[in-house]
Amino acid sequence: MKYISTRGGSPKLSFSEVLLTGLAPDGGLYLPETYPKFSLDSLKQLREKSYQELALTIFSHFINDIPHHDLKEITYKTYTKDVYSYARPNQDAEQITPTLELDKNLFLLSLSNGPTLAFKDIAMQFLGHIFEYVLNKKNESLNILGATSGDTGSAAEYAMKGKKGVKVFMLSPHKKMSAFQTAQMFSLQDENIFNIAIEGVFDDCQDIVKAVSNDLIFKNKNKIGAVNSINWGRILAQIVYYFKGYFDITASNEELIDVTVPTGNFGNICAGHIARMMGLPIRHLVVATNENDVLDEFFKTGNYAPRSSKKTFHTSSPSMDISKASNFERFIFDLLGREPNELKKLWSEVDQGGSFKLDLESFNRIRDFGFISSSSKHKNRIQLISEYYDKYNVIIDTHTADGIKAALDHFDDNTPMMVLETALPIKFEESIEEAIGKRPDRPEKLKNIELLPQKYEVFNNDVTQVKSFIEENS
Ligand SMILES: *Cc1c(COP(=O)(O)O)cnc(C)c1O
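Residues numbered from 1 in each chain as written. Predicted model: local features only at pLDDT ≥ 70, side-chain atom pairs only at ≥ 80, totals over all residues. Heavy atoms only, no water.

Points about the nonpolar core
- Ile130, Trp232, Ile239, Phe243, Phe266 and Phe328 are the most contacted members of the largest nonpolar core, which totals 107 residues.
- With 12 residues, helix 10 (residues 232-249) is the largest single contributor of residues to this core.
- Not counting residues up to four positions away in its chain, the partners in contact with isoleucine 130 are Phe15, Leu19, Ile63, Ile66, Leu71 and Ile74.
- Core analysis: the next-biggest nonpolar cluster, separate from the first, contains 23 residues, Val286, Ala406, Ala407 and Ile436 among them. (Core = buried A, V, L, I, M, F, W, Y, C linked by side-chain atoms within 4.5 Å. Buried < 20%, exposed > 50% of the residue type's maximum accessible area, 1.4 Å probe, protein only. Helix = DSSP H or I, 4+ residues; strand = E, 2+ residues; numbered from the N terminus. Contact = heavy atoms within 4.5 Å.)

Now the structure itself:
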């Protein structure tokens, strides 16, 4: 299996090469040359598999430059019930991503039982192990530089802590994350983890990362890398749980299901799209957005008009406050019949801060790919959190509530609907309190996390200071 760029102007790479590369040199994103396809018969064999076996089977179709027994070891090390230990009391942690039936034909797929309580752990934990493996084979090391407003940074740090050959330099806006998120990251004492609090906002942190990465001499000398959401390894790891969830809530592979995905950078739902292309019987993929509804507008009108960060709202589902979805290009590439020149025409507008509108023929083709969408507002989320607590005694977080809202907009009694739970409610305690009048109980391990000693640096909004810090510590 080789990987190609959506813009058609880069050499084909193997999996291990793509893993450590961000954007392709031509500015595109990497995708497998073809998607492996499972027949109904091979789906039958997959149905019986454990999460680990399923993951290994799917990974093997996309990775052919890592020996099978090594890939097996990495996979089995990544997905253990001890790592995904925050399952609800009535759920089986052994399943890694267990489902929960809320109502007839309405299911939650619990993706957030990992160490940082958000679905990003599922992919990031895999990257942690496979980065360590590939770097060791190549006898190389990597300094991961990133900016976070909360979820991504903690998932990356918990995945990379203690890994050989990897260091993490994570920038966050000083005093702008919740106390819980801050404690999650800053309480890590591992020698290879560096938290840098910047006197500024999230965009300032992101600008510093861009400035450092654009300095190619510095970047190469200091082996700067990233684990952002365009990383193919993350998408790959996310394909697995669509299969797992499907087998869990259906009795046979003839059944179709609908899936709703709380969406920001389009990484999670892109994995769902690929699972569907591989033959998983998904009828609809429902894109759920919050007030930042650029994608909802696109799927309703064919008009894609990304917004600047100044025009992006701060909402109560903050991990979806995104107005330019970095993985969207992957889906449009497939939608346009994998014609790089067609794609390049559209993105020449997007890359200059502009927008595009699909022609009618391409727009009509969206239906063949199963995509529909909906958006929600703060009021919807709070109301649904309260309603689901009263009706089903289940507390959902604000992002999952965005998902439930969109799912109900498109719910059809005869087709099972699976809503992806992208975070646990204890990550967003203030909103939960607003909805149900109390905070959700924390697991014992996390009760006093805010009181643990914290390790971090505070720097001015200044690229030079960050660069010298990396040089001293890398
Ligand atoms: C990252 C994140 C999302 C958005 O996922 P994408 O893959 O970027 O679409 C949704 N919910 C939560 C809680 C997240 O952390």
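Regarding the packing of aromatic side chains
- As enumerated under the stated definition, the model contains 35 aromatic pairs in all.
- One aromatic cluster is present, built from ring pairs that chain together Phe266, Phe298, Phe299, Tyr304, Phe328, Phe331, Trp347, Phe356, Phe369 and Phe371.
- Note that arginine 338 overlies the ring of tyrosine 35, its terminal NZ or CZ placed 4.9 Å from the centroid.
- Directly above the aromatic system of tyrosine 388 lies the positively charged group of lysine 391, at a separation of 6.0 Å from the ring centroid. (Phe/Tyr/Trp six-rings, centres within 6.5 Å; stacked < 30°, edge-to-face > 60°. Lys NZ or Arg CZ within 6 Å of the ring centre and 35° of its normal.)

Focus: the site of the ligand
- The local shell around the ligand holds 15 residues, among which Lys120, Asp151, Gly264, Asn265 and Asn268 are the closest.
- A distance of 3.0 Å separates an oxygen atom of the ligand from a polar backbone atom of phenylalanine 266.
- Contact between the ligand and glycine 267: an oxygen atom at 3.3 Å from a main-chain N or O atom of the residue.
- Look at the ligand: alone it shows 390 Å² of surface, and the protein chains cover 97% of it.
- For the shell around the ligand, the residue count by class is five nonpolar, eight polar and two charged. (Near = heavy atom within 4 Å. Polar contact = N/O pair within 3.5 Å; in protein donor to acceptor, adjacent residues only side chain to side chain. Areas by Shrake-Rupley, 256 points an atom, 1.4 Å probe, with all protein chains shown as cover. Nonpolar A, V, L, I, M, F, W, Y, C, P; charged D, E, K, R; others polar.)

Side note on the sheet that holds strand 3 (residues 99-103)
- If you trace the six strands from one edge of the open sheet to the other, you get 3-4-14-9-10-13, paired in mixed fashion. A single partner strand is all that each edge strand has here, and the edge strands are strand 3 and strand 13 (371-375). The mean angle between the axes of side-by-side strands here comes to 25 degrees, regardless of whether they run parallel or antiparallel.
- Sheet topology note: the strand 10 (residues 282-289)/strand 13 ladder contains five bridges and is parallel. Residue pairing in the sheet places threonine 289 in a bridge with serine 375 of strand 13. (Pairing = 2+ DSSP bridges. Axes fitted to C-alpha atoms, helices over the stretch in contact; angles between N-to-C directions.)

A look at the packing of helix 3 (residues 51-62) against helix 10
- Contact pair helix 3 / helix 10: the axes reach a minimum separation of 9 Å and the direction vectors enclose 135 degrees. By the criterion of interaxial angle, the relationship of helix 3 to helix 10 is oblique. For the pair helix 3 and helix 10, the crossing hand works out as right-handed. Of helix 10, the residues touching helix 3 (which contributes Tyr51, Leu54, Ala55, Ile58, Phe59 and Phe62) are Trp232, Leu236, Ala237, Ile239, Val240, Tyr241, Phe243, Lys244 and Phe247.
- Residue composition of the contact of helix 3 with helix 10, grouped by class: 14 nonpolar, no polar and one charged. (Parallel < 35°, antiparallel > 145°, perpendicular 65-115°, else oblique. Left-handed = near helix turned anticlockwise from the far one by under 90°.)

Notes on the environment of leucine 71
- Mapped onto the fold, leucine 71 is located in helix 4 (residues 68-78).
- Measuring from C-alpha to C-alpha, the distance between leucine 71 and isoleucine 130 comes to 8.4 Å, with 59 residues separating the pair along the chain.
- Residue contacts for leucine 71: discarding those within four places in its chain leaves Leu56, Phe59, Ser60, Ile63, Ile66 and Ile130.

Topic: the pairing of strand 5 (residues 142-147)
- Buried residues dominate strand 5, accounting for five of its six residues.
- Of the pairings in the sheet, the one linking strand 5 to strand 8 (residues 224-225) comprises two bridges and is parallel in character. Within the sheet, the bridge partner assigned to isoleucine 144 lies in strand 8 and is glycine 225.

Considering helix 13 (residues 328-335)
- Taken across its eight residues, helix 13 has eight buried, putting it largely inside the fold.
- When helix 13 is considered as a whole, its buried residues turn out to be Phe328, Glu329, Arg330, Phe331, Ile332, Phe333, Asp334 and Leu335.
- Downstream of helix 13 by a residue or two, glycine 337 has a phi angle that is positive, lying close to 70 degrees.

Topic: the pairing of strand 3
- Sheet topology note: the strand 3/strand 4 (residues 106-110) ladder contains four bridges and is antiparallel. Counted as the bridge partner of glutamate 101 is phenylalanine 107 from strand 4.
- Counting the residues that bridge the hairpin from strand 3 to strand 4 gives two residues, and of these asparagine 105 lies at a positive phi of roughly 70 degrees.

Topic: the sheet that holds strand 8
- Pairing is parallel across the open sheet formed by five strands, whose spatial order is 8-5-6-7-15. Because the sheet does not close on itself, it has two edges, and the strands there are strand 8 and strand 15 (457-459).
- Of the strands in this sheet, strand 5, strand 6 (166-173) and strand 7 (193-198) touch helix 8 (residues 202-214), which is tilted by about 145 degrees from strand 5.

Comments concerning the environment of alanine 401
- Among the secondary structure elements, alanine 401 is positioned in helix 17 (residues 398-409).
- Expressed as a C-alpha distance, the spacing of alanine 401 and asparagine 290, which sit 111 residues apart in the sequence, is 9.7 Å.
- With residues up to four places along the chain from it excluded, the contact list for alanine 401 reads Arg381, Leu384, Ile385 and Ile396.

So yeah, pure geometry; function would need other evidence.
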